[in-house]
Amino acid sequence: VTATAVADGGRAGLLASPARVTELYRAHLPGATRLAYLLTGDRAAAEDVAQDAFLRAASRLGALRDDAAFGGYLHKAVLNAVRNRARRQRLERRHAQPPPPTYAELPDVATRDRLWTALLRLPHRQRAALVLRFYLDLSEADTADRLGCRPGTVKSAVARGLAALRTELSPDPEVPDE
Amino acid sequence: MSDLPDELRNVLRDRADDAPATPAPDPSLVRRVRRRQAVRMTLAVGGATCAVAGVVAVTAVAVRPAPTAVSPVSPAVPTTAPPLTDDRYEFCTGQPMTDVAVTVHPTELKFAYGCYRAVAGPLRLSFTNSTKVAHNVVVHDPADVAFAKTETIRAAGTAKAGYDSIDLGTLKSGDYSLTCDVHPQMHAQLVVR
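Residues numbered from 1 in each chain as written. Chains lettered and ligands numbered in written order. Predicted model: local features only at pLDDT ≥ 70, side-chain atom pairs only at ≥ 80, totals over all residues. Heavy atoms only, no water.

What about the nonpolar core?
Taken as a class, soluble globular proteins show a tendency for nonpolar side chains to be buried jointly.
Then, in step 1: Counting 58 residues, the largest nonpolar core has Phe54(A), Val78(A), Leu130(A), Leu165(A) and Leu8(B) as the members making the most contacts within it.
Then, in step 2: Setting aside chain neighbours within four positions, we find Val78(A) in contact with Ala32(A), Leu35(A), Ala36(A), Leu39(A), Val49(A) and Ala53(A).
Then, in step 3: Among the nonpolar cores identified, the runner-up in size contains 24 residues, and Phe111(B), Leu123(B), Leu125(B) and Leu171(B) belong to it. (Core = buried A, V, L, I, M, F, W, Y, C linked by side-chain atoms within 4.5 Å. Buried < 20%, exposed > 50% of the residue type's maximum accessible area, 1.4 Å probe, protein only. Contact = heavy atoms within 4.5 Å.)

Structural notes on the packing of aromatic side chains
Residue and element names in this part refer to chain B.
Then, in step 1: One pass over the structure, following the stated rule, counts five aromatic pairs over all chains.
Then, in step 2: Between tyrosine 113 and tyrosine 116, the aromatic rings sit 6.1 Å apart at their centres with planes inclined by 85 degrees, giving edge-to-face as the arrangement.
Then, in step 3: Its relative accessible area of 36% is what places tyrosine 113 among the partly exposed residues.
Then, in step 4: Look at tyrosine 116 and you get buried, because its relative accessible area is 3%.
Then, in step 5: Aromatic pair phenylalanine 147 and tyrosine 176: ring centres 6.1 Å apart, planes at 65 degrees, arrangement edge-to-face. Of this pair, phenylalanine 147 sits in strand E5 (residues 146-149) while tyrosine 176 sits in strand E7 (residues 174-179), and the two are 29 residues apart along the sequence.
Then, in step 6: A relative accessible area of 35% places phenylalanine 147 in the partly exposed class. (Phe/Tyr/Trp six-rings, centres within 6.5 Å; stacked < 30°, edge-to-face > 60°. Helix = DSSP H or I, 4+ residues; strand = E, 2+ residues; numbered from the N terminus.)

Considerations on a positive patch on the surface
Then, in step 1: Taken together, the side chains of Arg87(A), Arg90(A), Arg93(A) and Arg94(A) make up a positively charged region of the molecular surface.
Then, in step 2: With respect to the helices and strands, Arg90(A) occurs in helix H4 (residues 70-96). (Patch = residues over 30% accessible without salt bridge, like charges linked within 9 Å, V, L, I, M, F, W, Y side chains within 5 Å. Areas by Shrake-Rupley, 256 points an atom, 1.4 Å probe, with all protein chains shown as cover. Salt bridge = Lys/Arg side-chain N within 4 Å of Asp/Glu carboxyl O. Lys, Arg positive; Asp, Glu negative; His and termini not counted. Charge placed at Lys NZ, Arg CZ, Asp CG, Glu CD.)

Description of the pairing of E7(B)
A regular strand places its side chains on the two faces of the sheet in alternate fashion.
Residue and element names in this part refer to chain B.
Then, in step 1: Where burial is concerned, most of E7 is hidden: five out of the six residues are buried.
Then, in step 2: The pairing of strand E4 (residues 138-140) with E7 spans three bridges and is antiparallel. Note that in E7 the partner of valine 138 across the bridge is threonine 179.
Then, in step 3: Looking at chain direction, E7 and strand E8 (residues 187-192) are connected through six bridges and run antiparallel. Following the sheet pairing, glycine 174 is matched in E8 by valine 192. (Pairing = 2+ DSSP bridges.)

Take a look at the structure:
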């Protein structure tokens with residue numbers, strides 16, 4: 001492979017064909033967008049994250065022999081993009097905004113909305129582990145592969161995430177009447 | 001909540017339906033993907049070339065320490081040079097020119113030299129591309145604002161026959177830069193003094 005081959009007509013054999021890119025886009029982008037939405041809770045951000053992750057993943061198509069592996073690769077790109085976005089937001093919040101309201105300050109909403117709200121408040125790794133385990137139904141090993149950590153870490157992240165959700169959803173202790 | 005995982009599973013599936021619909025593939029999608037791929041491959045090839053050149057150089061020195069053993073693979077000045085100082089100017093390729101003659105490396109995606117130097121004043125830039133790959137030259141002032149560009153040309157046989165020339169106007173002393181619209185990784189310095 002020479003640089004010249006990359007730049008001229010010879011690149012047809014090296015770079016992804018338009019049909020392959022379009023096909024992968026149609027097959028994988030909806031799933032990536034849903035995953036990004038579940039991780040960010042923000043429709044606009046989900047679109048941006050999914051598009052950006054697709055571009056990143058697709059730029060490595062040359063190293064990918066099996067298109068079936070592209071989905072997992074795209075998931076990793078989405079997770080990385082969401083994590084980076086969360087870091088940026090954390091920095092911005094630290095300097096610009098007051099902390100988000102605690103659950104007790106939120107209006108009384110249906111349990112599912114409360115669960116969703118509580119999920120979005122979890123740390124990135126716990127939220128990602130829960131989404132991969134309970135939305136994509138991945139095994140602990142596969143979840144660990146996507147997150148780039150050990151299965152034991154996934155296990156503890158899921159356990160802590162569920163415990164945090166239970167705490168958030170448990171009714172407040174009653175205040176004794178005077 | 002007795003079975004939180006099941007409830008969570010249901011919530012996630014419900015919420016996933018609220019995710020935005022996927023837009024149709026943008027016409028520029030394939031171009032953007034391929035551009036990223038090309039940059040990635042070029043970087044990989046560049047890294048490999050450097051590694052091979054390093055091994056060759058070390059081997060040549062070890063086997064034949066005589067000066068004739070060294071055979072540089074590419075021009076001595078790297079394409080991506082650090083910010084220039086006047087010390088760097090002294091090492092800039094060639095003599096100061098009243099006209100800048102830019103050429104393209106015959107086998108790699110870069111200009112033939114990483115640095116060109118010119119005399120402050122009225123300048124023309126001539127651009128010769130003898131390769132089959134289309135390139136142009138965009139000239140940026142020291143504030144990195146593009147102010148002149150040549151036609152996009154390739155080797156003789158095409159409309160512009162591999163050559164274009166543009167008037168840069170009167171240039172003051174400063175570190176200008178040259179890039180290629182088609183291949184953003186191509187970069188050279190134009191040092192005007």
